[in-house]
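Architecture at a glance
The primary structure of each chain is shown beneath.
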Amino acid sequence: MNDWLLLSFDILILFILLGLAWLTCNTKEIKRGVTLFVAFGLLLAVIWARLKAPDLALAEAIIGAGISGALLLKAMRDYTEQTSLSSETSRFYVWGINAASLALFVLLAWGLWHALERSDGVRLAENVLITTPESGVSHPVTAVLLNFRAYDTLLELAVVFTAVLVVLAMGTKQRDFGKGEPILIAMVRWLAPILIVTSGYLLWVGAHAPGGAFQAGAMLAAAFILMSMTGVRVDSMLNDSSMRWLLVIGIGVFTITGIVMLLINGHFLAYSKELAKMLILLIEAAATLSIAAALTLAYLGGMPKPQQKTQSAVKIDKTEEGTS
Amino acid sequence: MMINDAIVWLIAIPLLASLLSLVFPKKGTAIAIAGSILGLLASVALVYQVYQSGPITHELGGWKDGLGIVLRVDAMSALFIVMTMLVVTMVGFYASAYFTDAHKKAQFWPLWLMMVVALIALLASGDLFNLYVTLELLGLSAVGLTALSDNRAAVQAAIRYLGIGLLGSLVFLMGVALIYTAYGVLDLAMLATVVEAEPAAQLALALMTAGLLIKSALFPMHFWLPAAHANAPAPVSAALSALVVKVSVYLIIRLWFDVFSPVLQPTASFMLGVLGALAVVWGSWQALRAERLKLMAAYSTVAQLGYLFIFIPLVMAFPVGEERNTALAAFLLLALTHAFAKSALFLSSGVVLQRAGHDRIAELGGTARALPLTIFVIALAGVALIGLPPSGSFLGKWYLISSAVQTGQWWWIVVIAMGSLLAAGYMFRILGHAFGPDESIGKVMAKGSEEIPALILALTATVVLGFGSAWMWDFVNLASPLAGN
Amino acid sequence: MLQELLYGLAGLAVFVIGLRGALLHDNWLLRLLSLNVCGAGVFITFVAIAYRGLTLPADPVPHALVLTGIVVAVSAMAMALALGRRLRSYDD
């Protein structure tokens, strides 16, 4: 009985998922697309929870729907005059793509079926679950992210860092939101501290329960973004140089820890057992700060600048003219 | 001990240098140059280590049995890593003179060094998902660097490049998902021992290859490359053409012949060869017709990458062993020669563009007198791109032709001959204009730091690789896991 | 196995829908949304095959990989939006 209930829930939710995906990818209106995409992100969070992936549910709700949503909404303000786009792709092209997509789906489904057939269904799971106690943390996902596959996470921080470098290089300071409605200000005034505290909690709890640096960092960023939406000059809290330090501290602490462990234990990022818990927490704390700084800057679209200074980024490099 | 862990230092040094160059923007150039030279030394140590004791592995975090990520370096990756570090160091010297605006410089170095991290990490990675992360890091940093030109065409090309890059990585990632579903492993060496010729593996390989083909701009997926490579700042164009597209080709070769060898189909490899042949002809033809120097160089990249794909059906036709290794060594020789020659060509184009104020080929008259060294470098690069002796590509193409004869696939010879003729055409066209009668260009002086790096790269392509190829043959036979697989 | 297959197939469908959208749109922002949907499709497939029923704990490896993927995706989006903003600044 319960199984049937669950199955009908699954089928219902997947129908909504496919519908939202289809609508998001087929709309010709940017506002509509963004709204649908945020809804799609929220539904994903539900699906992660259903598939017993609470870490992902948390991350998706904060990052996938929250931060992406904020970024998209901000970008959309540039599109006020041009909301609907006509496209003149040929009918022949569209049908070609349709047929190819259908064929690809059938092919993929056939491949997935065979893959599931030949799999033992255990994969790396048991190995990870057995070894987790040796990793310094008891939450398996954190063990994978910060110990077994810590190098992936290091490079992932490098990806975030790279994206922010580009945002900073491209960015000129955006027009700010004006002072918000009094009720919004009042709400944010008590919401922001809660978010900041929750972020600290997520960081700490990551060792033995869902949570960790990425969720915590994104939560912290969300607090700053909310504050900036109500007209608080978040960027004036920190100067240029301390912002730079905040951006690099995550990767810096991570890499230096890795090198020290290389010198002591002979392998990059091979934590000494008795230090593992502390080192992971240290790395995660540093990463949280960097991620928060990065996402906040990505939202603001530029480095904090003294207000009277001219924007040298706008200047076009005269040495390099277009060559196409 | 430092020597034994060279591969870790090769990743850690540019990574830390990138961070430092952001925190200390005024010292960015010094930090980047110091980091590059240290990296270059480490890469030489790495080759020495591989030459002495064969392929090396480094278990990150000390975890075994596929739990952690493993770095693996054999002859092929070691040579690609040295190539990367040499190009990056020379282009770095050039870039320190190219960017005159301190603000631009401060934006350039951290991104540039992140691209170096991504290149090395990709070449050393022994893990499927880790490869996806390195591909994304490489894609994003390359896009950012392209956009640094700061004009409309460059930013537009960067956006398109980003879309293409993401598409490629996601298709690749879908392949990884299928592999993990079926086999439950991500480690390449472990996968190589369990993978079988069955639908899931075949489809996964097809997806990963397709993703990488988009990124390596194989005809007809090359449409995004000319705009991005021609509009990026000159040092960036050099790295994009010489290194960034090439590591995707490297990865295809690695996956095909090292990991998925039981799965391979001769038909698929023949198809890749055909696309490569079309790329050679189409790219060379477009290069011949291009009106601007940098666009010509970008189309030439499309063509030169085509040769690398012609190797795939030829390598497949040889049984595992010395003959196959010889073919792979020839592949390496051609890939390396192109990297050095093309980066030299792009750097020289940058000098011409900055000194003459334009790079329209028809109006290059007088440049040979005004910038003799730069034009000499272009000529040297031309020798390597056409495949004249003593360049590395002469030997590379010679082996390409002889293995085509050996395996009875003579039709590739027609393509190689055509490509070389067309390459001669587009290179001599430039030299013809450069030596032509004086036009607008007045008396100009290029700084040594702009011209010397390009000269070193061009000499490496034409002389060093030509004479050093015998050693490379030995090296590949000694230190290739392909030999024992 | 039923849930794995069901959610796995849905992931594949979302992947293909996103891919199709990315190839059909010529507006870069709409293409970006499609690419993100496409990526989500891969993530769903990954998490679906990690699911091992209500009694067994799920495979933590795909969860970690997808978490990485989500962060990479949001970085790419931030970057794309910055580039798009820059592009528009030339038109103004």
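Residues numbered from 1 in each chain as written. Chains lettered and ligands numbered in written order. Predicted model: local features only at pLDDT ≥ 70, side-chain atom pairs only at ≥ 80, totals over all residues. Heavy atoms only, no water.

Some thoughts on the overall build of chain C
Helix and strand counts for chain C stand at three helices and zero strands. Its helices and strands in sequence order give chain C the pattern α-α-α, from N to C terminus. In terms of overall dimensions, chain C has a C-alpha envelope of 60 × 25 × 10 Å along the principal axes. For chain C, buried positions account for 83% of its 92 residues. (Helix = DSSP H or I, 4+ residues; strand = E, 2+ residues; numbered from the N terminus. Buried < 20%, exposed > 50% of the residue type's maximum accessible area, 1.4 Å probe, protein only.)

A look at helix 1 (residues 2–24) of chain C
Helix length check: helix 1 of chain C (23 residues) gives 33 Å between terminal C-alpha atoms against 33 Å at 1.5 Å per residue, within 8%. Among the 23 residues of helix 1 of chain C, 19 are classified as buried, and the element is accordingly described as predominantly covered. (Expected span 1.5 Å × (residues − 1).)

Observations regarding the interface of chain A and chain B
Chain A puts 60 residues into the contact, and the matching count from chain B is 76 residues. Between Arg118(A) and Glu198(B) there is a salt bridge, with its nearest N and O atoms 4.0 Å apart. For the pair chain A and chain B, the interface holds twelve residue pairs in polar contact (both at pLDDT 80 or more). For the side of chain A that touches chain B, the elements supplying multiple residues, two or more each, are helix 4 (91–118), helix 5 (125–131), helix 6 (140–148), helix 7 (150–170) and helix 10 (240–265) of chain A. At 14 residues, helix 7 of chain A tops the list of elements feeding residues into the side of chain A that touches chain B. (Contact = heavy atoms within 4.5 Å. Salt bridge = Lys/Arg side-chain N within 4 Å of Asp/Glu carboxyl O. Polar contact = N/O pair within 3.5 Å; in protein donor to acceptor, adjacent residues only side chain to side chain.)

Considering the environment of Leu67(C)
The residue Leu67(C) is located in helix 3 (residues 60–91) in this model. Residue Leu67(C) is classed as buried on the basis of its relative accessible area, which comes to 2%. Separated by 24 residues in the primary sequence, Leu67(C) and Phe43(C) have C-alpha atoms spaced 8.9 Å apart. When neighbours within four sequence positions are excluded, Leu67(C) is seen to be in contact with Asp55(A), Leu56(A), Ala59(A), Leu145(A), Glu156(A) and Gln215(A).

Here we look at the domain arrangement of chain A
Residue and element names in this part refer to chain A. When cut into domains, chain A gives domain 1 (1–81) and domain 2 (120–306). Using only C-alpha atoms to locate each centre, domain 1 and domain 2 end up separated by 23 Å. Facing the twelve residues of domain 1 at the interface are 20 residues of domain 2. Summed over both sides, the interface between domain 1 and domain 2 buries roughly 1,400 Å², with carbon and sulfur atoms accounting for 69% of that surface. Of all residues in domain 1, Asp55, Lys74 and Arg77 bury the most surface against domain 2, accounting for 42% of the area lost on that side. Taken together, the connections running from domain 1 to domain 2 amount to zero salt bridges. At the surface where domain 1 touches domain 2, the tally comes to four residue pairs in polar contact (both at pLDDT 80 or more). Residues that form the side of domain 1 that touches domain 2 fall into these classes: eight nonpolar, no polar and four charged. (Domains from an automatic or database assignment. Buried area = accessible area lost by both parts, 1.4 Å probe. Nonpolar A, V, L, I, M, F, W, Y, C, P; charged D, E, K, R; others polar.)

Quick look at the nonpolar core
The biggest cluster of nonpolar side chains holds 359 residues, and the ones touching the most others in it are Trp48(A), Ile7(B), Trp112(B) and Leu255(B). Looking at this core, the element that brings in the most residues is helix 6 (residues 152–183) of chain B, giving 21 residues. With residues up to four places along the chain from it excluded, the contact list for Trp48(A) reads Ala53(A), Leu56(A), Ala57(A), Glu60(A), Phe43(C), Ile44(C), Val47(C) and Ile70(C). (Core = buried A, V, L, I, M, F, W, Y, C linked by side-chain atoms within 4.5 Å.)

As for the packing of aromatic side chains
Residues and elements named next belong to chain B. As enumerated under the stated definition, the model contains 23 aromatic pairs over all chains in all. Measuring from centroid to centroid gives 6.1 Å for Phe270 and Trp411, while their planes differ by 80 degrees, and the two rings are edge-to-face. In this pair, Phe270 sits in helix 11 (residues 266–289) while Trp411 sits in helix 17 (residues 411–434), placing the two residues 141 residues apart along the sequence. You can call Phe270 partly exposed: its relative accessible area is 37%. Both rings, one in Phe311 and one in Phe331, keep their centres 5.9 Å apart while their planes meet at 85 degrees; by these two values the pair is edge-to-face. Pair noted here: Phe311 is in helix 12 (residues 293–317) and Phe331 is in helix 13 (residues 322–356), with a separation of 20 residues, a long-range link. (Phe/Tyr/Trp six-rings, centres within 6.5 Å; stacked < 30°, edge-to-face > 60°.)

Details of a nonpolar patch on the surface
Taken together, the side chains of Ile183(A), Leu184(A), Met187(A), Trp190(A) and Ile194(A) define a hydrophobic patch exposed on the protein surface, amounting to about 520 Å² of accessible area. In this structure, Ile183(A) sits in helix 8 (residues 182–205). (Patch = residues over 30% accessible without salt bridge, like charges linked within 9 Å, V, L, I, M, F, W, Y side chains within 5 Å. Areas by Shrake-Rupley, 256 points an atom, 1.4 Å probe, with all protein chains shown as cover.)

Some details on the interface of chain C and chain A
Contacts between the two partners involve 71 residues from chain C, matched on the other side by 89 residues from chain A. Here chain C and chain A share an interface that buries about 7,200 Å² over both sides, 76% of which is from carbon and sulfur atoms. The largest per-residue losses of area from chain C upon contact with chain A belong to Tyr7(C), Arg20(C) and Arg85(C), which jointly make up 10% of the total buried on that side. Across the chain C-chain A interface, the total number found is one salt bridge. The shortest N-O distance in the salt bridge between Arg52(C) and Glu126(A) comes to 3.2 Å.

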